[in-house]
Amino acid sequence: DSSSRVHTTYNQIGAATGRLSSQEPNLQNIPAKTEVGQEFRKAFIAEKGFVLLSCDYSQLELRIAAHLSGDKEMSDAFKRGEDIHTRTASRVFGVEPSAVTKTMRNQAKTLNFGVLYGMGVQGFQRASKVNRDEARLFIDNYKKEFSGLAAYLEEAKERARKDGYVSTLFGRRRLIPDILSTMPMLRAGAERMAINMPIQGTAADLIKMAMITIQRHLDDKYGDNVQMLLQVHDELLFEVRSEMVEKVSKEIKEIMESAHKFNVPIVVDTKFGDNWSEMKPIE
């Protein structure tokens, strides 16, 4: 625009899980992990006298899955502040956490998130580049070690078959008529939705609740000194007057972590910087 700022449009009902989607341009889709993505992010800079502040829910969907399923292993790991992927690798591979290699942790991470999206043997085999027998063994071991989560995911499919819909923790529903389809491909897709929507949808509800509380707080206390700029799924990005960043980050972190009381701790990581690429953690 005339101030050299780029503006996105957020769509409340674009995503079936309840997440906000961003369009023209899609600012939720700028890569964070690639070199090119980081170069792009350097173009997003704060006004003079301000810094960008990122507040990001850590492993939110896994924490919600632990809460919804009541899985003891997963819940205990989060309560103890353990690295969940290392803990998963340790259990699935039957080794001490100290013996978990980078490859093991990466495979466990793929499993942890893949299970929430209804990933099967073939999907895990492709993502982890292991053979079919190994993939099956990993998934069988995972379901054995995290039996509470495995049972919850099966129950989610069963509930969807019975009710024709699934709900988030806060009661927002998604209809899933294809769960009773006679076509295997349609039915499998519907089963994946039945597993994922209550978890991802609860995460979407939670961040919206946090955003409303944060905006009220900022309006009351900070006026033009702090602006909420972007929501990128589990992350919120703000522009904050430089001298206020530590105080503001602490208050926003507190609001986000306490937006709802779960059975496991909810954790928010905060970072700040002059641009969206070069950001350092706030201790």
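Quick caveat: nothing in here was measured; it's all calculated off a predicted structure.

Participant: Looking at this model, I keep getting lost on the overall build of the chain. Mind explaining?
Facilitator: The helix and strand inventory of the chain stands at 10 helices and 9 strands. Relative to its length of 283 residues, the chain is compact, with a C-alpha radius of gyration of 20 Å against a globular reference of 19 Å. Overall, the chain is about 55 × 45 × 35 Å in size when its C-alpha atoms are taken along their principal axes. Relative to its full complement of 283 residues, the chain shows a buried share of 46%. Pairs at least 24 residues apart make up 60% of the contacts formed inside the chain by residues separated by at least 6 positions. Positive and negative side-chain charges in the chain, numbering 40 and 39 respectively, have mean positions lying 4 Å apart.

Participant: Explain helix 7 (residues 132-145) to me, please; I cannot follow it from the model alone.
Facilitator: Note: α-helices contain 3.6 residues per turn, so residues at a spacing of three or four share the same orientation. Helix length check: helix 7 (14 residues) gives 20 Å between terminal C-alpha atoms against 20 Å at 1.5 Å per residue, within 8%. Of the residues making up helix 7, those classed as buried are Ala 135, Phe 138, Ile 139, Asn 141 and Tyr 142. Here the buried residues of helix 7 occupy an arc of 160° about the axis, which is enough to place them on one side. Residues Asp 133 and Lys 144 are exposed on helix 7 and point more than 90 degrees away from its buried face. In this structure, the buried residues of helix 7 make contact with helix 3 (72-79), helix 4 (84-93), helix 5 (102-116), helix 6 (121-128) and helix 8 (147-163).

Participant: Help me understand the environment of Thr 101 in this model?
Facilitator: With respect to the element layout, Thr 101 can be found in the loop between helix 4 and helix 5. The class of Thr 101 is partly exposed, set by a relative accessible area of 39%. Each C-alpha atom of the pair Thr 101 and Arg 5 lies 44 Å from the other, and the pair is 96 residues apart in sequence.

Participant: Can you help me understand the pairing of strand 7 (residues 235-241) in this one?
Facilitator: Consecutive residues of a regular strand have side chains that alternate between opposite faces of the sheet. By the criterion of burial, strand 7 is predominantly enclosed, with 6 of the 7 residues buried. In this structure, strand 3 (residues 50-57) lies alongside strand 7, joined through 7 bridges in antiparallel fashion. Its bridge partner lying in strand 7, Cys 55 is registered against Leu 236. As judged from the 6 bridges shared by strand 6 (residues 226-232) and strand 7, these two strands associate in the antiparallel manner. Looking at strand 7, one finds that Gln 231 is bridged to Leu 236. In this structure, the hairpin formed by strand 6 and strand 7 is closed by a connection of 2 residues, where His 233 is found at a positive phi of approximately 60°.

Participant: What's the story with the side chain of Gln 28 in this structure? I'm lost.
Facilitator: Within the secondary structure, Gln 28 sits in the loop between strand 2 (21-23) and helix 1 (35-41). Accessibility expressed as a relative area gives 11% for Gln 28, which makes it buried. Reaching out from Gln 28, the side chain makes a polar contact with the backbone oxygen of Leu 20 at a distance of 3.2 Å. In this structure, Gln 28 is in contact with Tyr 10, Leu 20, Ser 21, Ser 22, Gln 231, Val 232 and His 233, ignoring residues within four places of it in sequence.

Participant: How should I be thinking about the pattern of salt bridges in this particular structure?
Facilitator: Between side chains of opposite charge, a pair can form when the charged atoms approach closely. Scanning the model with the defined rule gives 19 salt bridges in all. Across the pair Glu 145 and Arg 91 runs a salt bridge whose closest N-O atoms are separated by 3.2 Å. Here the residue Glu 145 occupies a position in helix 7, and Arg 91 occupies one in helix 4, the gap between them amounting to 54 residues. Note on Glu 145: relative accessible area 24%, which makes it partly exposed. When its relative accessible area of 33% is taken as the criterion, Arg 91 is described as partly exposed. For Asp 205, the salt bridge is made with Arg 172, and the minimal N-O distance between the two is 2.7 Å. With a gap of 33 residues between them, Asp 205 in helix 9 (residues 184-221) and Arg 172 in the loop between strand 4 (165-167) and strand 5 (173-175) connect regions that are remote in the sequence.

Participant: Looking at this structure, I do not really get the side chain of Ser 128. What am I missing?
Facilitator: Along the chain, Ser 128 falls in helix 6. The residues contacting Ser 128, other than those within four sequence positions of it, are Gln 107 and Thr 110.

Participant: Sorry, what's going on with the nonpolar core here?
Facilitator: By size, the foremost hydrophobic cluster in this structure holds 53 residues, and its most contacted members are Leu 53, Tyr 57, Met 74, Leu 149, Ile 214, Phe 238 and Met 256. Among all residues touching Met 256, those that are not within four sequence positions of it are Cys 55, Tyr 57, Ala 210, Ile 214, Leu 236, Ile 266 and Val 268.

Participant: Where do I start with the sheet that holds strand 9 (residues 280-281) in this structure?
Facilitator: By definition, the strands of a sheet pair up through backbone hydrogen bonds, in either a parallel or an antiparallel sense. Judged by pairing direction, the sheet is antiparallel, and its 5 strands sit side by side in the order 6-7-3-8-9 without closing on themselves. At either margin of the open sheet sits one strand with a lone partner, and together these are strand 6 and strand 9.

Participant: Would you mind going over the packing of helix 2 (residues 60-69) against helix 9 with me for this structure?
Facilitator: Two measures define how a pair of helices packs: the angle their axes make with one another and the distance between the axes. Two elements in contact, helix 2 and helix 9, have axes separated by 9 Å at closest approach and are oriented at 115°. Once helix 2 is placed against helix 9, the crossing between them reads as right-handed. Contacts from Leu 60, Glu 61, Ile 64, Ala 65 and Leu 68 in helix 2 reach Asn 196, Pro 198, Ile 199, Gln 200, Thr 202, Ala 203 and Leu 206 in helix 9. Across the contact of helix 2 with helix 9, the residue classes tally to 8 nonpolar, 3 polar and 1 charged.

The rules we used
Residues numbered from 1 in each chain as written. Predicted model: local features only at pLDDT ≥ 70, side-chain atom pairs only at ≥ 80, totals over all residues. Heavy atoms only, no water. Helix = DSSP H or I, 4+ residues; strand = E, 2+ residues; numbered from the N terminus. Rg over C-alpha atoms; globule rule 2.2 N^0.38 Å. Buried < 20%, exposed > 50% of the residue type's maximum accessible area, 1.4 Å probe, protein only. Contact = heavy atoms within 4.5 Å. Lys, Arg positive; Asp, Glu negative; His and termini not counted. Charge placed at Lys NZ, Arg CZ, Asp CG, Glu CD. Expected span 1.5 Å × (residues − 1). Arc of directions from axis to C-beta. Pairing = 2+ DSSP bridges. Polar contact = N/O pair within 3.5 Å; in protein donor to acceptor, adjacent residues only side chain to side chain. Salt bridge = Lys/Arg side-chain N within 4 Å of Asp/Glu carboxyl O. Core = buried A, V, L, I, M, F, W, Y, C linked by side-chain atoms within 4.5 Å. Axes fitted to C-alpha atoms, helices over the stretch in contact; angles between N-to-C directions. Left-handed = near helix turned anticlockwise from the far one by under 90°. Nonpolar A, V, L, I, M, F, W, Y, C, P; charged D, E, K, R; others polar.

None of the figures reported here should be taken as evidence of function without further support.
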